[in-house]
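Summary of structural features
These are the residues of each chain, in order.
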Amino acid sequence: MDHIISVIVENKFGVLSRVAGLFSGRGFNIESLSVAPTLDPSMSMMTIVTTGDDRIIEQIVKQLNKLIDVIKVVDLNESEFVERETALIKVHTKPEDRAEALRIADIFRASVIDSTPTTYTIEITGDVNKIEAIINLLQPLGIKELARTGRVAIAREPLRPAAMQPKRVAKE
Amino acid sequence: MKLTGAEIFLECLKREGVKTLFALPGGVVLKIFDILHQQKDVNVVLTRHEQGAGHMAEGYAKATGKAGVCLVTSGPGMTNVITALADAYMDSVPLVCFSGQVPTSLIGNDAFQEADNIGLSRPCTKYNFLVKDVNDLAVTIKEAFYVATTGRPGPVLVDIPKDVSMNKADFKYPGSVSIRGYNPTYDGNKWQIKQAAEAIMKARKPILYVGGGVIFSGASEELLELAELTHIPVDMTLMALGAFPGEHPLSMGMLGMHGTYWANMAMHHSDLVIAVGARFDDRVTGKVSEFCPHAKVIHIDIDPTSIRKNVNVDIPIVGDCKSVLRELTQILRATVNGDQKDLRKPWLEQIREWQRSHPLAYEQDPNGAIKPQHLIKRVFELTKDRDPIVATDVGQHQMWSAQYFKLAKPNRWLTSGGLGTMGFGFPAAMGAQAAFPDKLVLCIAGDGSFQMNTQELATAVVSKLPVKVFIVNNRFHGMVRQWQDLFYEGRYASSYLDATPDFIKLAEAYGAVGLRASKVSEVDDVIREAIAVDKPVLVDVPVYQYENCYPMIPAGGCNHEMILTDPPELKKKQPAGSKVAGEDKDTVLTA
């Protein structure tokens, strides 16, 4: 099963190679990886999608924690989370296919962000299934290029019973 | 006042209390050596190869418990020290290695003697730093020592470009540093420790399985207290020898592939394994699926990744061995009553029975050749009053030394465990001697291993490090030959070492003392003679060449299925006699 691990690291040179080296050196898998700075620019967040049984995932989390440049590791699979991925898909369109391409984009609520007489570039955001689905539908038209961000994810905020919700007090 | 990077480097070493630096110069570190040349606070030991510098720093660290420090140049200097870094990483040795680097403006340009030191050392160091600005140098060095010596210790590399050592900055040494991503856990979880205490009280056949972590944590006293209080026998890993007094009735000696029969049997039959600062290495577990089939496992370790890496653990305790053992003993002391001893009686009796039925044994050669075990046993017996530090290389002689040296105290045993680095012993012994000039420091080496760092004889002579090296000379890579005997039908592919030098002449060529024992009757005398000399001594002892090291658990075998002696078909093939292969080629077996 895919596991999504969110890792807060120091935002400095060499950190990516330490994380990547940990995975390659110990024979762990990286399915996808995305990195960007956090609100605090001295830190970055990596979202790593990996696979393995419980023992392997436990080792991955522990080994990541052991890296000195790693500040925090969260195995998102331990609770509810939401995930998204964005893909940019450049589709070949013959004149007779152009309407079909737009229809498909429309079904998925994707948007066309670039257009030439022979291509559309479609932007789509969603979970992995959604992205796989639109790729499948567009493939017969001819996909010229495909760029995917890899998944990013964030834990869902736990729902508290209504009684515990902070009361809204109208401002005077 | 502003100081140059090189001067800051020296000041930092002084603040860290570094007395000895193992080093070899080169172009980009000349400024640093120039400063070192003009001072007397830090003793610079010039080695003949950077690998030697690294291992000496390791020996220094293992003997003192403090960080060992070495300094090498860029490019080949760095690549040469990698073996020592990898060795230190595997065995958790606190080491700070400084490497020179080409000037920052040239980094990445494939400059002369440039190597990607950070990239090269990343997988074999606990952490590494590239110092790009002289203003960061002091705090980086402070952080390097902090990381190397805290938590699970390990090697740290500090890469210093040439311009950084020459540029000037204000010197201010931080009193302490903190790194937000690095917070080792020292105190064990109290509830878990309580669970462990309860498990110990219930257990009928418990065994303490202790590793090198006990030594680095300085927990020997706490271990002794716990074992004596609860009457639990102690199995030691190769790295832990000395952590528990070797001649104590509860000491089982070493366990694992070449461990004692009773240590391995006790492990296999126990109902509670209490692992302390050990990491369930494959040389200890054998076949993991059949490892300790009846036992609950308590694992105390400062490194969370060690826990449940190889075997399942019932009660994990992340923390420093010393504090966890102390707390555990406190709980047990408050609850244990006298009949704990009676409860253990059948178990200890069973172990005594194993000891009686399968003692460590070897037969003297009918033709008078010296048996390697005899030599090693006599070295131990004739030196133990002087509480020596003993280093070993890697191979058969290392395992025999581990079996026969029943060390009484920690930090006396210098060996390469995890990486199994041949050539480790001699420089490591020198490192320890540099730390303790008045102590007797021994090195048990193989002829193959010794030749991997022979050049350091010059260092031993020039730097007045009077280590006593005993070469267990069988003109073979003995352990390789043993495996070839047992698993490759005796085909000695590249294990025979032709043209082994005359070690007496070799020693004398460097200005050291060379001695030799050729007969069993000469062994004691040569040992006494060697330890009486105040100079580096190389003692060549040609031994029976085909001796194999037992007990042995074949790789991937189960812990209670030990090979205890040469199989009969092998015995027939071995030439009896004292002939040394090489003098008479016929004695070399070729299948």
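Use the structure listed above.
Computed from a predicted structure; not experimentally measured. (Residues numbered from 1 in each chain as written. Chains lettered and ligands numbered in written order. Predicted model: local features only at pLDDT ≥ 70, side-chain atom pairs only at ≥ 80, totals over all residues. Heavy atoms only, no water.)

Residue and element names in this part refer to chain B. Ordered by their spatial adjacency, six strands build an open sheet running E11-E10-E9-E12-E13-E14, and the pairing between neighbours is parallel. The sheet is open, and its two borders are formed by strand E11 (251-254) and strand E14 (315-318), each paired with just one other strand. Pairs of neighbouring strands in the sheet enclose a mean axial angle of 15°, with direction left out of account. Pairing analysis gives five bridges linking strand E9 (residues 206-210) to strand E12 (residues 272-276), with the strands arranged parallel. Looking at the pairing, Pro-206 lines up with Leu-272 of E12. Strand contacts of helix H8 (residues 190-202): E12, strand E13 (296-301) and E14, with the helix running at about 135° to E14, the strand carrying the most contacts. Packed on one face of the sheet, helix H10 (residues 220-230) meets E9 and strand E10 (234-236) and runs near 170° to E9. (Pairing = 2+ DSSP bridges. Helix = DSSP H or I, 4+ residues; strand = E, 2+ residues; numbered from the N terminus. Axes fitted to C-alpha atoms, helices over the stretch in contact; angles between N-to-C directions. Contact = heavy atoms within 4.5 Å.)

Residues and elements named next belong to chain B. Formed by 69 residues in total, the largest nonpolar core has its most connected members in Leu-208, Val-210, Val-276, Ile-298, Leu-328 and Phe-405. Aside from chain neighbours lying at most four places away, what touches Ile-298 is Ala-196, Ala-199, Ile-200, Leu-272, Val-273, Ile-274, Ala-275, Ile-315 and Ile-317. Cys-97, Phe-424, Phe-426 and Ala-507 belong to the second largest nonpolar core, which has 49 residues in total. (Core = buried A, V, L, I, M, F, W, Y, C linked by side-chain atoms within 4.5 Å. Buried < 20%, exposed > 50% of the residue type's maximum accessible area, 1.4 Å probe, protein only.)

To continue, consider the interface of chain A and chain B. In this assembly, 21 residues from chain A lie in contact with 20 residues from chain B. Counting the surface lost from both chain A and chain B, the interface buries some 1800 Å², and carbon and sulfur atoms represent 47% of this. Counting the surface chain A buries against chain B, the share from its top three residues, Arg-18, Arg-55 and Ile-68 of chain A, is 39%. At the boundary of chain A with chain B, the tally comes to three salt bridges. In this structure, Arg-180 of chain B and Glu-10 of chain A form a salt bridge, with 2.8 Å as the shortest nitrogen-oxygen distance. (Buried area = accessible area lost by both parts, 1.4 Å probe. Salt bridge = Lys/Arg side-chain N within 4 Å of Asp/Glu carboxyl O.)

Okay, the side chain of Gln-545 of chain B next. If you trace the backbone, Gln-545 of chain B turns up in the loop between strand E20 (537-542) and helix H23 (568-573). A polar side-chain atom of Gln-545 of chain B sits 2.9 Å from the main-chain carbonyl oxygen of Asn-474 of chain B. (Polar contact = N/O pair within 3.5 Å; in protein donor to acceptor, adjacent residues only side chain to side chain.)

The next point concerns the pattern of salt bridges. All names here are of chain B. This model, assessed by the stated rule, comprises 42 salt bridges over all chains. Note that Lys-384 is salt-bridged to Glu-247, the shortest N-O span being 3.4 Å. Of this pair, Lys-384 sits in the loop between helix H15 (372-383) and strand E15 (389-392) while Glu-247 sits in the loop between E10 and E11, and the two are 137 residues apart along the sequence. Ionic pairing is found between Asp-281 and Arg-279, a salt bridge with its closest N-O pair at 3.6 Å. The class for Asp-281 is partly exposed, based on a relative accessible area of 21%. Judged by its relative accessible area of 22%, Arg-279 is partly exposed. Look at the salt bridges and you will find they share partners, linking Glu-11, Lys-14, Arg-15 and Asp-41 into a network.

On to the sheet that holds strand E1 (residues 2-10) of chain A, then. Residue and element names in this part refer to chain A. With respect to topology, four strands assemble into an open sheet ordered E2-E3-E1-E4, the strand pairing being antiparallel. In this open sheet, the two strands that pair with only one neighbour each are strand E2 (32-37) and strand E4 (70-75). Averaged over all neighbouring strand pairs, the angle between strand axes comes to 15°, with direction disregarded. Bridge count between E1 and E4: five bridges; the pairing is antiparallel. Note on E4: the bridge partner recorded for Ser-6 is Val-74. Lying on the sheet, helix H1 (residues 15-25) is in contact with E1, E2 and strand E3 (43-51); it crosses E3 at an angle near 15°. Contacting E1, E3 and E4, helix H2 (residues 54-66) runs over the sheet at an angle of about 160° to E4.

What follows is about the state of the cysteines. Under the criterion given, the structure shown has zero disulfides over all chains. Cysteine Cys-124 of chain B remains unbridged, with the sulfur of Cys-97 of chain B as its closest cysteine sulfur at 9.6 Å. (Disulfide = S-S within 2.5 Å.)

In this section: the pairing of strand E6 (residues 111-115) of chain A. All names here are of chain A. Here four bridges tie E6 to strand E7 (residues 119-126), and the two strands are oriented antiparallel to one another. Opposite Ser-111, over in E7, you have Glu-123 as the bridge partner. Remark: three residues form the turn of the hairpin made by E6 and E7, two consecutive strands paired antiparallel.

Our focus in this paragraph is unusual backbone geometry. Phi is mostly negative for residues that are not glycine, and the peptide bonds are mostly trans. Across the junction of Tyr-550 of chain B and Pro-551 of chain B, the peptide omega takes the value -5°, indicating a cis bond. With respect to the helices, strands and loops of the structure, Pro-551 of chain B is situated in the loop between E20 and H23. Of note, the phi angle at Arg-109 of chain A is positive, near 55°, even though the residue is not glycine. Here Arg-109 of chain A lies in the loop between helix H3 (98-107) and E6.

On to the packing of aromatic side chains, then. The tally for this structure, following the rule as stated, stands at 19 aromatic pairs over all chains. The interplanar angle of 90° and the centroid separation of 6.1 Å between the aromatic rings of Trp-347 of chain B and Trp-354 of chain B together place this pair among those described as edge-to-face. Considered together, Trp-347 of chain B and Trp-354 of chain B belong to a single accessibility category, that of buried residues. Look at Phe-476 of chain B and Tyr-492 of chain B: their rings are 5.4 Å apart centre to centre, the planes differ by 75°, and that puts the pair in the edge-to-face class. Of the two residues, Phe-476 of chain B sits in the loop between strand E18 (468-473) and helix H20 (478-487) while Tyr-492 of chain B sits in the loop between H20 and helix H21 (503-510), which places them 16 residues apart along the sequence. Given the relative accessible area of 12%, Tyr-492 of chain B is considered buried. When the ring centre of Tyr-120 of chain A is taken as reference, the NZ or CZ atom of Arg-98 of chain A above it lies at 4.2 Å. Here the basic side chain of Lys-132 of chain B rests over the ring of Phe-13 of chain A, its NZ or CZ set 4.4 Å away from the ring centre. (Phe/Tyr/Trp six-rings, centres within 6.5 Å; stacked < 30°, edge-to-face > 60°. Lys NZ or Arg CZ within 6 Å of the ring centre and 35° of its normal.)

Next up on the list: the packing of H10 of chain B against helix H13 (residues 321-335) of chain B. All names here are of chain B. Two numbers describe how H10 lies on H13: the axes approach to 9 Å, and their chain directions differ by 25°. In terms of their interaxial angle, H10 and H13 are classed as roughly parallel. Crossing of H10 over H13 shows left-handed handedness. Where H10 approaches H13, its residues Glu-222, Leu-223, Glu-225, Leu-226, Leu-229 and Thr-230 are matched on the opposing element by Lys-322, Leu-325, Arg-326, Leu-328, Thr-329, Leu-332 and Arg-333. (Parallel < 35°, antiparallel > 145°, perpendicular 65-115°, else oblique. Left-handed = near helix turned anticlockwise from the far one by under 90°.)

Any link to function would need more than the numbers given here.
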